[in-house]
There are 2 protein chains.
Amino acid sequence: MPTVWTNHKTSESLAAVLKARVEARGWVCLQAEDAKATDAEVLLGQPSLQALRDCPKARWVHVTSAGYGRYTAAQAEFETRRITLTKSSEVFAMPCAQQVLAYMLAQSRQLPAAFESQRSHRHWAHGTIRGNTRVLEGQRVAIVGYGQIGTCLAQLLGPFNMRIQGLRRNPGPADAFPMHQLGSYEGDSCLGQADHVVNLLPGVESTARFFDPRRIGKLKAGSVFYNMGRGSTVNQEALLNALRSGQLAAAWLDVTDPEPLPPEHPLWVTPNCYITPHTGGGRQDEAATILRHFLDNFDRFVDGEPLVDVVQWPAFSD
Amino acid sequence: MPTVWTNHKTSESLAAVLKARVEARGWVCLQAEDAKATDAEVLLGQPSLQALRDCPKARWVHVTSAGYGRYTAAQAEFETRRITLTKSSEVFAMPCAQQVLAYMLAQSRQLPAAFESQRSHRHWAHGTIRGNTRVLEGQRVAIVGYGQIGTCLAQLLGPFNMRIQGLRRNPGPADAFPMHQLGSYEGDSCLGQADHVVNLLPGVESTARFFDPRRIGKLKAGSVFYNMGRGSTVNQEALLNALRSGQLAAAWLDVTDPEPLPPEHPLWVTPNCYITPHTGGGRQDEAATILRHFLDNFDRFVDGEPLVDVVQWPAFSD
């Protein structure tokens, strides 16, 4: 019988749901602690590349994260063996988008200043704090690596009347607002004009240190930088300099390089740098949503329908 | 010539704009430091009740704040003398709504926990913080004192797919979601079921301590209370108890009673109470927007058109 092998860690009750739903389609569901992946057609969870190599019948790998960096080195293998790689970005896109908006609003409403004031001198700092508050209307936001999170973020920003532009690898004609090619002159100009630069780039080879000293140096004076993508896409030294000099009003980082960020790293103590420990994708219903997302895809797979959240490999010329 | 008298404090350049626009309509514009209000038809700024009493020709008072608590004692005078009172709520509604959403998202994305962690031990508290994150989808929000801020907030919440209900003095048939009468059984039930209780009540006699020990005691376990209305509408002892017992997950307060909140007040040091010093209405373009709002109304007044932001006095039976 065709087999799903999983090393996805979840609760007993959700594991039972997984098993029942897989078996209901006439498949076998094997747990990593009970069996090797050797005979599996479908691998679920965070399978190692070695597990995939030991698995000649593999046709589909579904990872339970939005990121799939560890598999990029094996792109050729996926393509040669015609194995589909899907990810769980849909699960994490909306919480990540809500986290970015939380950052943008906390920044514009000066919540950190109020928080510091409350935790230290408990002074009713009405004048100074209020004088720095902002409304988002009319401000420019650049969404870099516009994809599923960016789409959710643009939805949430709809009522704010901001001036949204996007940067992505492959701009399409159907985009609802100006969309630039990542790395193009127009894209870089857009970054330099934005009041809010939202980095959602994935941690793949082509995006490594996309925010290099040159691009960071050209960000608008007083702008705010947000990273909900991957730490590897940013030159942190350059970011630190831009924060220290005041060129950037602030940075809000959910991802760093490395993670965990070591306690002695200077970003921790840079006053206008706010760090959340890779919590952007969290949601109260995370485990159940991850499972439902896979099972919906599993039904599509068994029914021969196109899967969702398929990794689109870059062309080798990229 | 008809006269606008103003004690509104603003920049020299905006004061010049005010003077020019008023004179362009054939009116005189007098500053408080140069003249008494005695001959004015229109009073702008924060005129005292005494100034109004000394001013027999007054037909319109426009206050540069959203609140107008100091005038409620003179309701009969306004009505008998047929003086219109307008306020500047439109100016402050959107920043206040953005501040409420900033609170809701900061709470659901656990920004204070990340902030405390960063400022103290710099530990990458991924597991504990992420485990408490939430998305807003499907959660219930009760907007109490639904008016201009509530309307803006409901707009901003549109893409979040929350379950919104409102409470107001006079529910209308045109409301886009369930709207209950303030103080009714249905309204109180709605409060008790909400995950997020957003208090936008103005500080008038009829709303004093609306959130009394009984209503606070019936708020849902684990819910979050927000105050962007006035401090006088809440029994702070009861609020403190609900925060200390953990009945409320948190409170986010932009207004307190009194203001400034004294440094020794226990709300400052209650760990799940977050206080901003009455900064909700702030916006980068505040002074210019206040002036434009008045001038638009002034043009309507001169042209005999209905004014906006008119105070609707409660019927005396209320």
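Residues numbered from 1 in each chain as written. Chains lettered and ligands numbered in written order. Predicted model: local features only at pLDDT ≥ 70, side-chain atom pairs only at ≥ 80, totals over all residues. Heavy atoms only, no water.

K.L.:
Outline empty space enclosed by the protein, listing residues and values.
P.N.:
Inspection of every chain in the model, using the stated rule, returns five cavities of 30 Å³ or more. Its boundaries defined by the atoms lining it, the largest cavity holds a volume of some 140 Å³. Looking at the largest cavity, it is lined by 15 residues, and the ones nearest its centre are Pro112 and Trp252 of chain A together with Leu111, Pro112 and Phe115 of chain B. A per-element tally of the lining of the largest cavity places helix 6 (residues 111–119) of chain B first, with five residues. Here the residues of the lining of the largest cavity sort into 13 nonpolar, two polar and no charged. (1 Å grid on protein atoms, 1.4 Å probe; cavity = no way out; pocket = protein on both sides within 12 Å on 5 of 7 lines; lining within 4 Å. Points joined across faces, edges and corners; volume = space filled by probe spheres on them. Helix = DSSP H or I, 4+ residues; strand = E, 2+ residues; numbered from the N terminus. Nonpolar A, V, L, I, M, F, W, Y, C, P; charged D, E, K, R; others polar.)

K.L.:
Residue-level account of the interface of chain A and chain B, with values.
P.N.:
Counting residues at the interface gives 60 residues for chain A, matched by 60 residues for chain B. When chain A packs against chain B, close to 5,200 Å² is buried across both sides, 62% of that on carbon and sulfur atoms. The largest per-residue losses of area from chain A upon contact with chain B belong to Arg122, Trp124 and Arg130 of chain A, which jointly make up 16% of the total buried on that side. Our count for the chain A to chain B interface comes out at four salt bridges. Here arginine 119 of chain A and glutamate 116 of chain B are joined by a salt bridge, their closest N and O atoms 3.2 Å apart. Seen at the junction of chain A and chain B, the total is 40 residue pairs in polar contact (both at pLDDT 80 or more). Elements with a contribution of two residues or more to the side of chain A that touches chain B: helix 5 (89–108), helix 6 (111–119), helix 7 (126–131), helix 8 (148–157), helix 12 (266–269) and strand 12 (273–275) of chain A. Top contributing element to the side of chain A that touches chain B by residue count: helix 5 of chain A, with ten residues. Split by residue class, the side of chain A that touches chain B holds 32 nonpolar, 16 polar and twelve charged. (Contact = heavy atoms within 4.5 Å. Buried area = accessible area lost by both parts, 1.4 Å probe. Salt bridge = Lys/Arg side-chain N within 4 Å of Asp/Glu carboxyl O. Polar contact = N/O pair within 3.5 Å; in protein donor to acceptor, adjacent residues only side chain to side chain.)

K.L.:
Describe the layout of surface pockets, with residues and values.
P.N.:
In this structure, the second largest pocket occupies an estimated 1,300 Å³ of space. Residue lining of the second largest pocket: 46 residues in total, with Tyr68, Lys87, Ser89, Leu200 and Pro202 of chain A positioned closest to the centre. Of all elements in the fold, only helix 5 and helix 8 of chain A together with helix 7 (126–131) of chain B reach the threshold of two or more residues within the lining of the second largest pocket. The residues that make up the lining of the second largest pocket include at least three from each of domain 1 (3–90 + 284–303) and domain 2 (93–275) of chain A. (Domains from an automatic or database assignment.)

K.L.:
Break down the packing of aromatic side chains for me, with residues and values.
P.N.:
Counted under the stated rule, the structure contains 33 aromatic pairs over all chains. Where tryptophan 27 of chain B meets phenylalanine 301 of chain B, the ring centres are 6.1 Å apart and the plane angle is 70°; that geometry is what we call edge-to-face. Separated by 274 residues along the polypeptide, tryptophan 27 of chain B in the loop between helix 1 (12–24) and strand 2 (28–31) and phenylalanine 301 of chain B in helix 13 (residues 286–302) bring together distant segments of the chain. An aromatic cluster of three or more residues is present, and its members are Tyr103, Phe115, Tyr226, Trp252 and Tyr274 of chain A together with Tyr103, Phe115, Tyr226, Trp252 and Tyr274 of chain B. Here the basic side chain of arginine 119 of chain A rests over the ring of phenylalanine 115 of chain A, its NZ or CZ set 4.8 Å away from the ring centre. The positively charged end of arginine 215 of chain B is found above the aromatic ring belonging to phenylalanine 210 of chain B, 3.9 Å away from the centroid. (Phe/Tyr/Trp six-rings, centres within 6.5 Å; stacked < 30°, edge-to-face > 60°. Lys NZ or Arg CZ within 6 Å of the ring centre and 35° of its normal.)

K.L.:
Give me the lowdown on the packing of helix 1 (residues 12–24) of chain A against helix 13 (residues 286–302) of chain A, citing residues and values where you can.
P.N.:
Residues and elements named next belong to chain A. In the contact formed by helix 1 and helix 13, the axes pass within 11 Å of each other and the chain directions differ by 10°. By the angle between their directions, the pair helix 1 and helix 13 is classed as roughly parallel. On the side of helix 1, the interface is formed by Leu14, Val17, Leu18, Arg21 and Val22, while helix 13 contributes Ala287, Ala288, Leu291, Phe294, Leu295, Asp296, Phe298 and Asp299. Its residues assigned to classes, the contact of helix 1 with helix 13 comprises ten nonpolar, no polar and three charged. (Axes fitted to C-alpha atoms, helices over the stretch in contact; angles between N-to-C directions. Parallel < 35°, antiparallel > 145°, perpendicular 65-115°, else oblique.)

K.L.:
Describe the sheet that holds strand 5 (residues 84–86) of chain A, with residues and values.
P.N.:
All names here are of chain A. The five strands are arranged 2-1-3-4-5 in an open sheet whose pairing can be described as parallel. Only two strands of the sheet have a single partner each, and these edge strands are strand 2 (28–31) and strand 5. Sheet twist, expressed as the average angle between the axes of neighbouring strands with direction ignored, equals 15°. Here strand 1 (residues 3–6) pairs with strand 2 via four bridges, running parallel. Paired with tryptophan 5 across the bridge in strand 2 is leucine 30. (Pairing = 2+ DSSP bridges.)

K.L.:
Which residues make up the relation of the copies chain A and chain B, and what values do they have?
P.N.:
With an axial shift of 0.0 Å and an RMSD of 0.0 Å, the rotation relating chain A to chain B amounts to 180°. Such a combination of turn and shift is consistent with a two-fold rotation axis. Measuring from the rotation axis to each C-alpha of chain A, the shortest distance belongs to alanine 102 of chain A, at 2.9 Å. In this assembly the copies share their binding face: 100% of the residues contributing to the interface of chain A also contribute to that of chain B. (Least-squares fit on C-alpha atoms with pLDDT ≥ 70 in both.)

K.L.:
Got a sec to walk through helix 11 (residues 236–245) of chain B? Specific residues and values, please.
P.N.:
An α-helix turns once every 3.6 residues. As a result, residues three or four positions apart point the same way. Residue and element names in this part refer to chain B. All of the buried residues in helix 11 are Gln236, Ala238, Leu239, Leu240, Ala242 and Leu243. Residues of helix 11 that are buried make contact with helix 10 (213–217), strand 10 (223–227), strand 11 (248–253), helix 12 (266–269) and strand 12 (273–275). In this structure asparagine 235 caps helix 11, since a side-chain oxygen of it lies 3.0 Å from the backbone nitrogen of glutamate 237. A positive backbone phi angle near 85° is found at glycine 246, which sits one or two residues after helix 11. (Buried < 20%, exposed > 50% of the residue type's maximum accessible area, 1.4 Å probe, protein only.)

K.L.:
Outline the pattern of salt bridges, supporting the account with residue identities and numerical values.
P.N.:
Here the structure, examined in full by the defined rule, presents 32 salt bridges over all chains. The salt bridge partner of aspartate 299 of chain B is arginine 21 of chain B, with a shortest N-O separation of 3.1 Å. Of this pair, aspartate 299 of chain B sits in helix 13 while arginine 21 of chain B sits in helix 1, placing them 278 residues apart in sequence. Looking at aspartate 299 of chain B, the relative accessible area reads 22%, which means it is partly exposed. Each member of the salt-bridge network shares a partner with another, and the members are Arg21, Arg25, Asp299 and Asp303 of chain A.

K.L.:
Outline the side chain of aspartate 188 of chain A, listing residues and values.
P.N.:
Residues and elements named next belong to chain A. Its place among the elements puts aspartate 188 in helix 9 (residues 185–193). On the basis of relative accessibility, which here comes to 19%, the residue aspartate 188 falls in the buried class. Look past the residues within four positions of aspartate 188 in its chain and what remains in contact with it is Gly183, Arg214 and Arg215.

K.L.:
Explain the confidence of the model for chain A to me, using residue names and the numbers behind them.
P.N.:
Model confidence for chain A is summarised by a mean pLDDT of 95, while 99% of its residues fall at 70 or above. Model confidence for the complex is summarised by a pTM of 0.91, with the ipTM given as 0.91. (pLDDT = per-residue confidence, 0-100.)

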